[in-house]
Amino acid sequence: MDGTAKKRSGTRLERNDRLVRLALLVVAFSAVSVLLVITVFIVGQGTPIMFRYGLKSFLTGTRWYPSENLFGLWPMIVGSLYVTVGAMVLGVPFGLSCAIVLTEFSSKRLRSIIKPVIELLAGIPSVVYGFMGVVILVPFIRETFGGPGLSVLAAAIILGIMILPTIISISVDALQAVPPTYREGSIALGATKWQTVKMVLLPAARSGIIASIILGMGRAIGETMAVIMIAGNAAKVPGSLLDPVRTLTSNIALEMGYAAGEHRQALFATGVILFIIIMVLNTVANVTASRMKGAKK
Amino acid sequence: MRINPRAEQAFVRAVLWTLTAITVLILVYIIVFVLRKGIPALSWDFLTKNPVDMGKGGGIFSTIVATIVLTAGAILIAAPLGVGTAIYLTEYTWEGPVTRIIRFGAECLAGIPSIIFGLFGFILFVTKLRFGWSILSGSLTLAFMILPTIIRTSEEAIKSVPPVYRTVSFSLGGTKWQTVTRVVVPSALPGIVTGVILSVGRSIGETAAVIFTAGSALRLPTSIFSSSRTMSVHFYILAREGISMPNAYGTAAVLIIAILAINLLTYYLMNRFIKKYS
Amino acid sequence: MTNDIAIEVRGFSQFFGQVRKLKALDLDVRRNEIFGIIGPARSGKSTFLCALNRLNDLVRGSCHEGTIRIEGRDIYEPGVDVVALRRQLGMVFATPVPLPRSIFENVAFGARRAGIRGRARLDSLVRDSLEKGGLWEEVKDRLDTSGLKLSGGQQQRLCLARILAVAPEFILLDEPTSGLDPISTMKIEESLRRLKKEYTIVLVTNNTKQAARVADRTAFFLNGELVEVGPTAKIFTAPDDTRTDDYLRGRFG
């Protein structure tokens with residue numbers, strides 16, 4: 001480009017547009033600012049006590065007795081882990097099956113009925129799920145398997161049900177995003193539909209499906225109200241599926257109402273741990289999801 | 001031993017369909033169960049009278065009002081912010097570090113569990129800013145919870161407006177702002193409204209964030225500084241404390257019917273607007 | 001500059017980033033003529049048209065060299081009101097793009113942006129424009145129906161009426177009939193012949209026969225360069241440049 005090249009000139013209207021652009025830029029940063037403020041506050045309120053108490057004893061201590069200033073988070077960390085893993089074990093097979101059936105094995109009409117139902121169920125409040133757990137599932141567990149009924153098992157089942165819509169809808173999107181030519185090519189080679197699914201479609205949609213699983217995991221870890229209602233909330237490492245359990249989220253929700261001073265800070269610290277876990281999960285999910293989008297191109 | 005592919009497919013199909021049927025049945029059962037137990041508790045009085053005796057008697061009118069006000073407040077705050085962000089991302093800038101940061105912020109916000117929002121709302125709005133347990137605190141907290149959804153759906157809606165519309169507007173002498181407000185946003189409105197309605201559905205069912213910011217007072221709210229109890233919080237308290245099972249079911253039924261209505265409204269709007277513009 | 005030259009282009013090059021799409025163009029467009037531009041795909045014809053109304057400015061990384069003078073004024077001078085410029089040169093695109101609103105609102109769109117208000121004024125403006133565009137008779141009873149419901153040819157005449165409503169002096173058309181049936185094409189060509197009494201028209205077309213039918217003078221673009229320009233009859237029967245001859249005989253393009 002020669003040195004005589006000119007740039008376009010500014011006019012009054014363009015200056016107005018620049019103002020609008022600036023105003024919208026400020027607005028656009030609202031989400032980021034809120035995120036920052038949340039991080040700052042939670043971390044600000046929670047980290048001092050973590051270090052004062054000692055990070056190691058905070059994370060690995062097995063006794064949570066706020067009245068005696070004992071803040072061992074280990075039972076809750078394990079609790080969240082068990083409950084989440086349980087939810088995944090139940091939710092993923094059912095959810096994936098549903099997704100596969102919806103995209104590959106059902107007619108358009110059937111799909112148009114089932115899909116809205118699933119989307120509707122994504123909107124049901126968590127407290128209703130929890131309530132159903134209390135009223136139906138917990139007594140059932142108590143009578144059939146023994147124990148108090150309020151247990152890891154109950155929480156895992158209910159959470160598994162709750163994350164089904166997430167896993168199903170994202171996996172359906174991932175499967176539908178596989179180019180039709182993959183299916184056609186495989187059928188043309190004489191494969192059955194299931195073989196096509198198993199060997200072509202599932203690998204092709206892998207990133208999206210993994211993203212759905214991770215997002216489901218995130219939702220399971222973050223769930224509070226339903227878990228409080230059915231998990232028993234004993235701050236002890238559960239010994240079996242039938243023992244009561246407390247998760248990180250319920251820990252916060254249960255005691256926040258009356259906590260003060262160090263106790264309250266300890267709850268914020270619980271929030272920090274939860275926050276970190278969720279952030280890591282989300283980043284991983286986003287990376288896999290963008291790899292899915294990138295691979296499409 | 002080679003498995004006959006057709007037999008394998010038949011077997012797998014049976015398994016998949018069974019699992020799917022179980023899934024759908026469970027999900028449908030939940031709705032049916034709540035509605036069956038809850039609809040008998042519904043009556044005109046139930047919907048229009050305030051709770052009496054901690055909720056053992058009376059109706060749920062104050063909670064309905066609280067839910068509506070809280071949700072309306074959240075939308076009033078989040079919609080301009082969300083749509084504005086979406087407009088900025090699509091119309092006023094190009095892909096680069098800035099947009100990536102903004103999107104990252106929105107994505108992260110979307111993944112934060114509601115209890116953390118509750119904590120945040122409690123420490124910032126209720127305590128530090130001294131709003132107390134109030135509709136104001138609750139609306140602000142809810143607004144930031146639904147912000148990512150509104151940003152995402154608005155962005156999609158705006159992106160799907162054909163680029164030629166913008167070119168045509170410019171060639172007729174429209175300024176950027178006129179193009180955005182007179183052509184792009186009106187065309188994207190159905191998608192934007194859908195996103196808002198979805199967020200309404202989500203706000204209605206939200207409990208953890210609300211209980212720590214708007215409180216749980218049973219009185220009818222008188223100002224944005226009043227504490228108030230929404231339907232989902234009311235339901236939670238009724239159920240957990242065992243105050244009144246019939247009323248609990250009734251509240252749950254109202255909640256589910258409201259969400260059902262909202263979902264149906266969304267489908268109706270989407271279909272109508274797709275027909276109008278294609 | 002002689003009085004009958006409406007657009008004067010001198011040494012004009014258009015860049016998008018590092019890519020040079022137009023190379024040092026020199027040409028004149030006379031007032032009240034239909035100036036045709038022909039050439040193979042990607043030869044810069046549309047880019048040139050969009051340079052005239054500075055629509056290229058909207059592309060990120062665009063810049064230029066040289067000058068374009070419209071009615072004596074350099075359109076890239078600082079202080080030029082780009083919005084008014086774009087109204088001065090109305091553009092009709094290859095694909096008819098009615099806005100998703102009523103016929104009336106489509107035609108009134110540009111006028112409203114220009115600040116024209118008042119139902120009576122808009123009514124008569126819309127009617128005038130539709131008449132000039134050759135569409136009034138067909139739609140006068142259904143001005144409130146959606147513009148999207150018209151046929152392709154009608155939509156294109158609607159787009160023509162839309163720009164006429166902002167009272168331009170120039171009409172720029174970018175392959176306006178490429179997707180239309182012969183009858184609609186003919187109607188639009190008729191309108192152009194009528195309109196050239198009041199407006200100066202620049203017509204980019206892929207269809208050389210259309211240029212032969214309608215244009216007073218024609219220019220041949222190739223790879224962003226102006227190869228040749230002159231009276232249509234001469235270009236089509238005895239062009240100076242062999243490349244022009246080759247293109248017209250269908251040897252390439």
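Throughout this description, residue numbers start from 1 for each chain and increase along the sequence as written. Lettering of chains starts at A and numbering of ligands starts at 1, both following the order in which they are written. Residue-level local features of this predicted model are given only where pLDDT is at least 70; pairs of side-chain atoms are given and counted only at 80 or more, and the full residue set underlies all totals for whole chains, interfaces and linings.

### A short note on the overall build of chain A
We count a stretch as a helix when DSSP gives it H or I for four or more residues in a row; a strand needs E for two or more, and each element gets its number in order from the N terminus. From N to C terminus, chain A includes 13 helices and two strands. C-alpha atoms define the radius of gyration, and 2.2 Å times the number of residues to the power 0.38 defines the globule rule. Computed over C-alpha atoms, the radius of gyration of chain A comes to 25 Å, more than 25% over the 19 Å expected from 2.2 N^0.38 for 297 residues, which places it beyond the range of a compact globule. When its C-alpha atoms are laid out on the principal axes, chain A stretches across 80 × 60 × 30 Å. Taking all 297 residues of chain A together, the buried fraction comes to 48%. Comment: burial labels come from other C-beta atoms within 10 Å of the residue's own C-beta, placed from the backbone, where a count of 20 or more is buried, 12 or fewer is exposed, and between is partly exposed.

### So, the interface of chain B and chain A
Note that contacts rest on C-beta atoms placed from the backbone: two residues are in contact if these are within 7 Å. Contacts between the two partners involve 67 residues from chain B and, on the opposite side, 63 residues from chain A. Where the side of chain B that touches chain A is concerned, the elements lending two or more residues are α1 (5-38), α3 (61-92), α4 (97-111), α5 (114-128), α6 (135-159), α8 (176-205), α10 (231-240) and α11 (245-277) of chain B. In terms of residue count, α1(B) provides more of the side of chain B that touches chain A than any other element does, 19 residues in total. In this count, Pro and Cys sit with the nonpolar residues alongside Ala, Val, Leu, Ile, Met, Phe, Trp and Tyr, while Asp, Glu, Lys and Arg are called charged and the others, Gly among them, polar. Residue classes in the side of chain B that touches chain A are distributed as 47 nonpolar, 14 polar and six charged.

### A few points about the pairing of strand β9 (residues 217-222) of chain C
Residue and element names in this part refer to chain C. Across the six residues of β9, six count as buried, placing the element largely inside the fold. Across the two faces of β9 the burial is the same, with Arg217, Ala219 and Phe221 and Thr218, Phe220 and Leu222 all buried. Both strand β3 (residues 34-38) and β9 contribute to a ladder of four bridges, which runs parallel. From the neighbouring strand, Gly36 faces β9, where its bridge partner is Thr218. If DSSP finds at least two bridges between two strands, the strands pair. Pairing of β9 with strand β10 (residues 225-231) involves six bridges; the strand directions are antiparallel. Paired with Arg217 across the two strands is Pro231, which belongs to β10. Hairpin connection, β9 to β10: the antiparallel pair is bridged by two residues, and Asn223 has positive phi, about 55 degrees.

### Digging into the environment of B:Ser160
Residues and elements named next belong to chain B. Within the fold, Ser160 resides in the loop between α6 and α7 (163-171). Ser160 sits in the exposed class, given 12 other C-beta atoms within 10 Å. Note: C-alpha distance between Ser160 and Gly191 (31 residues apart in sequence) is 9.2 Å.

### What to know about the sheet that holds strand β6 (residues 89-92) of chain C
All names here are of chain C. Taken in spatial order, the six strands line up as β6-β7-β8-β3-β9-β10 in an open sheet, and their pairing is mixed. Two strands close off the open sheet at either side, each with one partner strand: β6 and β10. Each adjacent strand pair in this sheet contributes to an overall mean axis angle of 15 degrees, direction not counted. Two elements, β6 and strand β7 (residues 170-174), share four bridges in a ladder whose sense is parallel. For Met91, the partnering residue across the bridge sits in β7 and is Leu172. Inter-axis angles, ranging from 0 to 180 degrees, are taken between N-to-C directions of lines fitted to C-alpha atoms, where helices are fitted over the stretch in contact.

### Digging into the interface of chain C and chain B
Counting from both sides, the interface comprises 19 residues of chain C and, opposite them, 14 residues of chain B. Listing elements by their share of the side of chain C that touches chain B, those giving two or more residues are α2 (82-88), α3 (103-113) and α6 (152-164) of chain C. Among the elements that line the side of chain C that touches chain B, the one with the most residues is α2(C), at four residues. Classifying every residue of the side of chain C that touches chain B gives 12 nonpolar, two polar and five charged.

### Observations regarding the sheet that holds strand β4 (residues 62-70) of chain C
All names here are of chain C. On the basis of which strands lie adjacent, the open sheet formed by four strands has the order β2-β1-β4-β5 and antiparallel pairing. Because the sheet does not close on itself, it has two edges, and the strands there are β2 (19-30) and β5 (73-74). Two elements, strand β1 (residues 5-16) and β4, share eight bridges in a ladder whose sense is antiparallel. Across the sheet, Phe16 pairs through a bridge with Ser62, a residue of β4. Packing of helix α1 (residues 45-52) onto the sheet brings it into contact with β1, β2 and β4, and relative to β2 it is tilted by some 65 degrees.

### A closer look at helix α10 (residues 206-222) of chain A
A helix's residues, less one, multiplied by 1.5 Å, set its expected span. Helix length check: α10(A), at 17 residues, gives a terminal C-alpha distance of 24 Å against a target of 24 Å (1.5 Å per residue), a fit within 8%. Among the 17 residues that make up α10(A), 15 are buried, leaving the element largely enclosed by the rest of the structure.

### Some points on the confidence of the model for chain A
Residues of chain A with pLDDT of at least 70 account for 93%, and the chain-wide mean is 83. Per-residue confidence from the predictor is reported as pLDDT, which spans 0 to 100. Contacts for the low-pLDDT stretch residues 1-10 of chain A, under 50 throughout, to residues beyond four places or in other chains number 19 contacts.

### Concerning the nonpolar core
One nonpolar core equals one set of buried Ala, Val, Leu, Ile, Met, Phe, Trp, Tyr and Cys residues connected by C-beta atoms within 7 Å. Ranked by internal contacts, the top residues of the largest apolar core, which has 238 residues, are A:Ala154, A:Ala155, A:Ile158 and A:Ile230. Looking at this core element by element, the count peaks at 18 residues for helix α7 (residues 152-176) of chain A. Domains are outlined according to an automatic or database domain assignment. No fewer than three residues from each of domain 1 (5-41) and domain 2 (44-277) of chain B sit in this core. Not counting chain neighbours up to four residues away, the residues in contact with A:Ile230 comprise A:Gly130, A:Gly133, A:Val134, A:Leu137, A:Val138, A:Leu150, A:Ala154, A:Ala155 and A:Ile158.

### Section: the packing of helix α4 (residues 74-105) of chain A against α1(B)
One can describe the packing of α4(A) onto α1(B) by two numbers: an axis separation of 8 Å at closest approach and a directional angle of 110 degrees. As far as their axial angle goes, α1(B) and α4(A) are roughly perpendicular. Read as a crossing pair, α4(A) and α1(B) show a hand that is left-handed. Across the interface between the two elements, A:Pro93, A:Phe94, A:Ser97, A:Cys98, A:Ile100, A:Val101 and A:Phe105 of α4(A) pack against B:Arg13, B:Leu16, B:Trp17, B:Leu19, B:Thr20, B:Ile22 and B:Thr23 of α1(B). Here the residues of the contact of α4(A) with α1(B) sort into 10 nonpolar, three polar and one charged. In these notes the angle categories are as follows: under 35 degrees is roughly parallel, over 145 is roughly antiparallel, 65 to 115 is roughly perpendicular, and the rest is oblique. In this scheme the crossing of two helices becomes right-handed for a clockwise turn of the near helix relative to the far one and left-handed for an anticlockwise turn of less than a right angle.

### Describing the confidence of the model for chain C
Mean pLDDT over chain C stands at 88; residues scoring 70 or higher make up 99%. Interface scoring of the predicted complex returns ipTM 0.85; its pTM is 0.83.

### Quick notes on the pairing of β7(C)
All names here are of chain C. Burial analysis of β7 places five of its five residues in the buried class, which makes it a mostly covered element. Both faces of β7 are covered, namely the face carrying Phe170, Leu172 and Asp174 and the face carrying Ile171 and Leu173. The pairing of β7 with strand β8 (residues 200-204) spans five bridges and is parallel. When the bridges of β8 are listed, Ile171 appears paired with Ile201. Clockwise travel from the first strand over the helix to the second, with the strands pointing away from the viewer, marks a crossover as right-handed. As a crossover connection, the stretch from β7 through helix α7 (residues 182-195) into β8 is right-handed.

### What to know about unusual backbone geometry
One non-glycine residue, A:Asn233, lies in the positive phi region at around 65 degrees. Along the chain, the position of A:Asn233 falls in the loop between α11 (225-230) and α12 (248-256). What makes A:Asn233 partly exposed here is the crowd of 18 C-beta atoms within 10 Å. Phi at C:Arg42 takes a positive value of approximately 60 degrees, unusual for a residue other than glycine. One can find C:Arg42 in the loop between β3 and α1. Since 13 C-beta atoms lie within 10 Å of it, C:Arg42 is described here as partly exposed.

### Points about the environment of B:Ile197
Residues and elements named next belong to chain B. For Ile197, the location among the structural elements is in helix α8. A residue is classified by how many C-beta atoms lie within 10 Å of it, and Ile197, with 18 of them, is partly exposed. Separated by 126 residues in the primary sequence, Ile197 and Thr71 have C-alpha atoms spaced 11 Å apart. If we ignore the near neighbours within four places in the chain, the residues touching Ile197 are Ile262, Leu265 and Thr266.

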